[in-house]
Amino acid sequence: MIRKILIGLLLALPAIALAEEPEISAQSHLNEVIEKILSADGTISSRVITIKAEQEEAQAENMAPSPEIEFEHLWGRGQNRWSASVTQEIEWPGLYRSRSRQAQIQRSKSEALYGIYVADRALTLKLIFIDLVNANLRCQLYREIADNIDSIASATQISYDMGEATVLDLRKAQIAAANARADVRMAEGDLINLTGSTGGFGIYTQELTKLPLNAYPIQPLDDPVQSSDAIFQPYIDACAESYANSIRVAKMSSLPSFSLGYVHAYEDRNHFNGFKVSLTLPSFDRKKRLRAAELSGMAAIFDQEAEYLNVIAECTAQYATALKLKEELDRYAGLIDDNSYMELLKMAFDSGEMTVVDYITEINLFRQSRLTYLDLEYRYNLALTRTNRYRGIGF
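Let me begin by describing the structure that accompanies this report.

Here is what the cut-offs are and how they apply
Residues numbered from 1 in each chain as written. Predicted model: local features only at pLDDT ≥ 70, side-chain atom pairs only at ≥ 80, totals over all residues. Heavy atoms only, no water. Helix = DSSP H or I, 4+ residues; strand = E, 2+ residues; numbered from the N terminus. Rg over C-alpha atoms; globule rule 2.2 N^0.38 Å. Buried < 20%, exposed > 50% of the residue type's maximum accessible area, 1.4 Å probe, protein only. Salt bridge = Lys/Arg side-chain N within 4 Å of Asp/Glu carboxyl O. Phe/Tyr/Trp six-rings, centres within 6.5 Å; stacked < 30°, edge-to-face > 60°. Lys NZ or Arg CZ within 6 Å of the ring centre and 35° of its normal. Core = buried A, V, L, I, M, F, W, Y, C linked by side-chain atoms within 4.5 Å. Contact = heavy atoms within 4.5 Å. Pairing = 2+ DSSP bridges.

1. With respect to the overall build of the protein chain
Then, in step 1: Helices and strands together make up the secondary structure of the protein chain, namely 10 helices and four strands.
Then, in step 2: In sequence order, the protein chain lays out its α and β elements as α-α-α-β-β-α-α-α-α-β-β-α-α-α.
Then, in step 3: Here the protein chain has a C-alpha radius of gyration of 36 Å; the compact-globule value for 395 residues is 21 Å, and the former is much larger.
Then, in step 4: Projected onto its principal axes, the C-alpha positions of the protein chain cover 135 × 45 × 40 Å.
Then, in step 5: Considering the protein chain as a whole, with its 395 residues, one finds that 38% of them fall into the buried category.

As structure tokens, this is what we get:
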């Protein structure tokens, strides 16, 4: 059943034609890697084993009590007597069926929680991948800027050697080149640090660093309520059913139980055979226990509702954030969402339309604007990933 849940979550991924675009094919591979890491996750395996253990324990508790064997021996002056008996307790008819039903409901509840937990663990992996892509894109930007400034510094050195540039121009170009390389080293250091982020998955997250990190995964921007309802509804239904059935079990548990037994006795050189029947009267704390079961069930339902509402509120807030960031990103469309601006600056410098100082000023403006765009894009994908946390295991 657990495997079916995992497969169902995978099938919940947005339907895509893998052969249409290389990016989609790469994303399919990314989803396979996420599934592979999750399958090796010890905490998920622990959840599966715990569910099985709970089910076995519930079945064991629903078994009839073990038969009781009793032996008695009395001796006195000139005579002995003894007796042996075997007794079996039988609880109220229907109680075993109600407990069995409660065990099935509890299993459904545990499996629903398992599906939610797997989706949350997958979210951790997806956020790590988003962080890696952002760090890599920043590295790419700093490298391209550094390469561009290096070429400007080399050109300025040639102009200086030919007496066409001042030593001040040369120093400015060299300082700008050194600063750009320092930015590259710091960005690369940040990326290396991120490759050590495990999210509790150990060395398995290294599989993510082997994937292409040049672009963010493709994700839909849809209202998250429907996808959240789909994964939480089984848990909600199981909680409601568990509440009703737990009260039924509590009522039946307080009803009388019976004991039937066979007795064999020996006295005065005579053997006797017979039976005995006993009845356990209802407990005096019956009403208290029943009320406790009702309150416990109500508390569980309130906890479940609060958890669900918190998830809906969080996903809805992330959805609103993603919409707002999407508006900001659209303003950059065609302006600075790629690095073509650097090529224009290089062409302007090579043609003599701007000085070294002008170029450094313009490239710094571009770098800051491009970093702002990358930050918006990063925050947008973080919000989008959190919005889609319950759409499926992968992106």
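Now, onward.
2. Regarding the pattern of salt bridges
Then, in step 1: According to the stated counting rule, one finds 20 salt bridges in the structure shown.
Then, in step 2: In this structure, arginine 181 and aspartate 150 form a salt bridge, with 2.6 Å as the shortest nitrogen-oxygen distance. You can see arginine 181 sitting in helix 5 (residues 167-195) and its partner aspartate 150 sitting in helix 4 (residues 95-161), a full 31 residues away along the chain.
Then, in step 3: Residue classification places arginine 181 among the partly exposed residues on the basis of a relative accessible area of 27%.
Then, in step 4: Relative accessible area serves as the criterion here: at 26%, aspartate 150 is assigned to the partly exposed category.
Then, in step 5: Taking the shortest distance from any N to any O, the salt bridge between arginine 379 and aspartate 375 comes out at 3.8 Å. Residue arginine 379 and its partner aspartate 375 are located together in helix 10 (residues 356-387), separated by four residues, close to a single helical turn.
Then, in step 6: On the basis of relative accessibility, which here comes to 41%, the residue arginine 379 falls in the partly exposed class.

3. Some remarks on the packing of aromatic side chains
Then, in step 1: Enumeration over the complete set of coordinates arrives at nine aromatic pairs.
Then, in step 2: With a centroid separation of 5.8 Å and 20° between ring planes, the pair formed by tryptophan 82 and tyrosine 266 is classed as stacked. Separated by 184 residues along the polypeptide, tryptophan 82 in strand 2 (residues 79-90) and tyrosine 266 in strand 3 (residues 257-267) bring together distant segments of the chain.
Then, in step 3: Put simply, the rings of Phe71, Trp82 and Tyr266 pair up and form one aromatic cluster.
Then, in step 4: The positively charged end of arginine 47 is found above the aromatic ring belonging to tyrosine 117, 3.9 Å away from the centroid.
Then, in step 5: Above the plane of the ring of phenylalanine 395 lies lysine 126, whose end atom (NZ or CZ) is 5.8 Å from the centre.

4. A few points about the nonpolar core
Then, in step 1: Counting 67 residues, the largest nonpolar core has Ile34, Leu38, Phe129, Ile149, Leu208, Tyr359 and Ile363 as the members making the most contacts within it.
Then, in step 2: Contributing elements (two or more residues each) for this core: helix 2 (22-39), helix 3 (42-61), helix 4, helix 5, helix 8 (286-331), helix 9 (340-350) and helix 10.
Then, in step 3: With 22 residues, helix 4 is the largest single contributor of residues to this core.
Then, in step 4: Contacts of leucine 38, omitting those with residues within four sequence positions, involve Ile44, Val118, Arg121, Ala122, Leu125, Phe201 and Ile393.
Then, in step 5: Counting residues in hydrophobic clusters, the runner-up holds 12 residues, among them Ala119, Ile231, Phe232 and Val311.

5. Regarding the pairing of strand 4 (residues 270-280)
Consecutive side chains along a regular strand alternate between the two faces of the sheet.
Then, in step 1: The pairing of strand 3 with strand 4 spans 11 bridges and is classified as antiparallel. Within strand 4, the residue paired with serine 257 across the bridge is threonine 280.
Then, in step 2: Between strand 3 and strand 4, which pair antiparallel one after the other, the connecting turn spans two residues, and aspartate 268 there sits at a positive phi close to 50°.

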